[in-house]
Amino acid sequence: MSLCLALLGMKGETLKGHMDLLLLAVLADGSLHGYGVIQRLVTRSGGRFDLPEGTVYPALRRLEQAGLLQSAWTRAEGRRRREYRLTSAGRRALARERRGWAEFQDAVAAVVGAG
Amino acid sequence: MTPIDTYLSSVRSLLRHHGPRSTRPVAELEDHLRSSAVQLQKMGLDPVRAEREAVARMGPPQPLATALDPILNQEAPMERIAKLVGALNLFTAGSGAILNVVAGASAHIMVGTVVLAGTVLVGAVAAWRRSTPPIVVLAAALALVALGGAAAMWTLAAGLFRGDPEYWATCLASTYMGQGVVLAALALRRADDAPSADPQASNF
């Protein structure tokens, strides 16, 4: 069984542990504002991630303070908007997180699959 | 007040002790909520229901503010440097003033150090959080100046002060440097936290 399948219908508390990887992955395709990040998370998960939308903001700020994201004010639809994008350190961190996730997934699949 | 305004007012109130630092998260939440409400209206909800739904999806304000607290409390390196140099500056101004009076150095240097110390004090007050009462900031600044004065008195009593012109040059240079760093830190923080006035502006 894939761990990706285990994520189906996940609630916010469960998703929190994977938030960094999810946010970095979502921003790998280009810069987005907070609402755009949520939209992309929902779209990519097929609407199965269920978390309070506000939880992305502390996570985005934390990743920015860690130097993995950078952000800037823009203006769209008459509103000020903060857009985030990956830094080169963020891209390296994403690659590491992806490798870690793949190893974890393989390890769990090996154990669970053996039963 | 609309549901979005009420929500933003709650968040603003919960983060008010962070002073100007709360501007950015509130602005981001407002953009998010209004974008979400517009999207929900396109899906057929009336404006009020769309706002209520957008607010519900955001989650309660209290946990959000609690999660933002430690992040907003974290100081930028520039702010730490500004405070350190500002403190050294006040210390230097205190010692400079005493040495000028007791050791009889030229008056304009004393005036310069005191005036610049005042400028740095104002900068430091502006840089600190609004949650720090001004009286505490003032007391800390005066304590630093007094500490500098005490150090100068000790220097004189121990016979270590020689009235070297280079000493005064160092005092003035450090004072100017401190002022510059404090002002630069303030400018950087404003640029980072304040929403841009230029509709097309992007700092990427």
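The coordinates are above.
To start, this report covers the structure provided alongside it.

Thresholds applied
Residues numbered from 1 in each chain as written. Chains lettered and ligands numbered in written order. Predicted model: local features only at pLDDT ≥ 70, side-chain atom pairs only at ≥ 80, totals over all residues. Heavy atoms only, no water. Phe/Tyr/Trp six-rings, centres within 6.5 Å; stacked < 30°, edge-to-face > 60°. Helix = DSSP H or I, 4+ residues; strand = E, 2+ residues; numbered from the N terminus. Buried < 20%, exposed > 50% of the residue type's maximum accessible area, 1.4 Å probe, protein only. Axes fitted to C-alpha atoms, helices over the stretch in contact; angles between N-to-C directions. Parallel < 35°, antiparallel > 145°, perpendicular 65-115°, else oblique. Contact = heavy atoms within 4.5 Å. Nonpolar A, V, L, I, M, F, W, Y, C, P; charged D, E, K, R; others polar. Salt bridge = Lys/Arg side-chain N within 4 Å of Asp/Glu carboxyl O. Buried area = accessible area lost by both parts, 1.4 Å probe.

**Here's the deal with the packing of aromatic side chains**
Residues and elements named next belong to chain A.
- Inspection of the entire model under this criterion finds 1 aromatic pair over all chains.
- Ring centres 6.3 Å apart and planes at 40° place the aromatic pair W101 and F104 in the tilted group. Residue W101 and its partner F104 are both found in helix α6 (residues 88-114); the two are separated by 3 residues, about one turn of the helix.
- We classify W101 as buried; its relative accessible area is 18%.

**Remarks on the packing of helix α3 (residues 19-26) of chain A against helix α5 (residues 56-65) of chain A**
All names here are of chain A.
- In contact at an axis separation of 10 Å, α3 and α5 are set at 80° when each is read in the N-to-C sense. Between α3 and α5, the interaxial angle falls into the category roughly perpendicular. Taking contact as the criterion, the partners of M19, D20, L23 and L24 in α3 are, on α5, V56, A59, L60, R62 and L63.
- Each residue belonging to the contact of α3 with α5 can be placed in one class, and the counts come to 7 nonpolar, no polar and 2 charged.

**Considering the pattern of salt bridges**
- Counted under the stated rule, the structure contains 9 salt bridges over all chains.
- The residue R24(B) makes a salt bridge to E64(A) at a minimum N-O spacing of 2.5 Å. Remark: E64(A) occurs in helix α5 and R24(B) occurs in helix α2 (residues 23-42); the pair is interchain, linking two chains. Here R24(B) and E64(A) have matching classes, each one buried.

**Quick notes on the interface of chain A and chain B**
- Across the contact, 29 residues belong to chain A and 31 residues belong to chain B.
- Buried area between chain A and chain B, summed over both chains or domains, comes out near 2,800 Å², and the portion from carbon and sulfur atoms is 55%.
- Sorting the residues of chain A by area buried against chain B places Y35(A), R61(A) and W73(A) first, and these three jointly supply 28% of that buried surface.
- Viewed at the interface, chain B and chain A are joined by 3 salt bridges.
- We note a salt bridge from R79(A) to D31(B), for which the minimum N-O separation is 3.1 Å.
- Contributions of two or more residues to the side of chain A that touches chain B are made by α4 (34-44), α5, β2 (69-76) and β3 (79-86) of chain A.
- Ranked by residue count, the leading element in the side of chain A that touches chain B is β3(A), at 7 residues.
- Partitioned by chemical class, the residues of the side of chain A that touches chain B number 9 nonpolar, 9 polar and 11 charged.

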